[in-house]
Amino acid sequence: MSVKVSESTGYGPNTQMSLFGYIMAAVLVIVLLPLIPVLVPVWILWKVFVAEEEFGHSFEDWRRDTGRTPDDRAAAADAELAAAETEAVEADDAESEDETEQAAAES
């Protein structure tokens with residue numbers, strides 16, 4: 001048996017290294033299989049007594065905690081749209097006033 005692993009050319013999988021990885025995985029499974037009866041109770045005890053509560057933060061949790069409803073979201077969107085329209089109208093009015101003042105200054 002050869003003790004040298006061939007170098008990868010980069011063009012395809014290295015068969016010898018893949019085989020070595022599969023053999024090592026099989027050995028680890030065989031060695032660790034008898035530990036399952038010990039690891040499972042340890043894991044359960046860890047979850048019950050030591051591990052902190054895991055929870056995910058989500059938009060739904062935030063909305064529920066703040067007392068917001070989907071209607072509040074729609075109302076906020078409508079208010080933003082109305083504010084944007086008001087700003088656009090005010091900008092148009094300001095431009096009209098500037099043009100009027102400029103025309104008056106020219107004459």
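Right above here is the structure, for reference.
The structure reproduced in this document is the subject of the present report.

Basis of the calculations
- Residues numbered from 1 in each chain as written.
- Predicted model: local features only at pLDDT ≥ 70, side-chain atom pairs only at ≥ 80, totals over all residues.
- Heavy atoms only, no water.
- Helix = DSSP H or I, 4+ residues; strand = E, 2+ residues; numbered from the N terminus.
- Buried < 20%, exposed > 50% of the residue type's maximum accessible area, 1.4 Å probe, protein only.
- Areas by Shrake-Rupley, 256 points an atom, 1.4 Å probe, with all protein chains shown as cover.
- Patch = residues over 30% accessible without salt bridge, like charges linked within 9 Å, V, L, I, M, F, W, Y side chains within 5 Å.
- Salt bridge = Lys/Arg side-chain N within 4 Å of Asp/Glu carboxyl O.
- Lys, Arg positive; Asp, Glu negative; His and termini not counted.
- Charge placed at Lys NZ, Arg CZ, Asp CG, Glu CD.

## Some remarks on the overall build of the chain
Then, number 1: What the chain contains, in helices and strands, is four helices and zero strands.
Then, number 2: Along the chain, from the amino end to the carboxyl end, the secondary structure elements read α-α-α-α.
Then, number 3: Counting only residues that meet the buried cut, the chain has 2% of its 107 residues in that class.
Then, number 4: Element-wise, carbon and sulfur atoms account for 63% of the exposed surface of the chain, whose accessible area totals about 10100 Å².

## Considerations on a negative patch on the surface
Then, number 1: Negative charge collects at one region of the surface, where Glu87, Glu90, Asp92, Asp93 and Glu95 lie side by side.
Then, number 2: Counting through the fold element by element, glutamate 95 comes out in helix H4 (residues 70–106).
Then, number 3: A relative accessible area of 47% places glutamate 95 in the partly exposed class.

## Observations regarding a nonpolar patch on the surface
Then, number 1: Taken together, the side chains of Val29, Leu33, Ile36, Val40, Trp43, Ile44, Leu45, Trp46, Val48, Phe49 and Val50 present a nonpolar region at the surface, about 1200 Å² in accessible area.
Then, number 2: At nine residues, helix H2 (residues 36–50) tops the list of elements feeding residues into the nonpolar patch.
Then, number 3: Tracing the sequence through the fold places valine 48 in helix H2.
Then, number 4: Here valine 48 falls in the exposed class, since its relative accessible area comes to 56%.

## Re the environment of threonine 15
Then, number 1: Within the secondary structure layout, threonine 15 lies in helix H1 (residues 15–32).
Then, number 2: Look at threonine 15 and you get exposed, because its relative accessible area is 61%.
Then, number 3: Sequence spacing of threonine 15 and valine 5 is 10 residues, and the spatial spacing of their C-alpha atoms is 9.6 Å.

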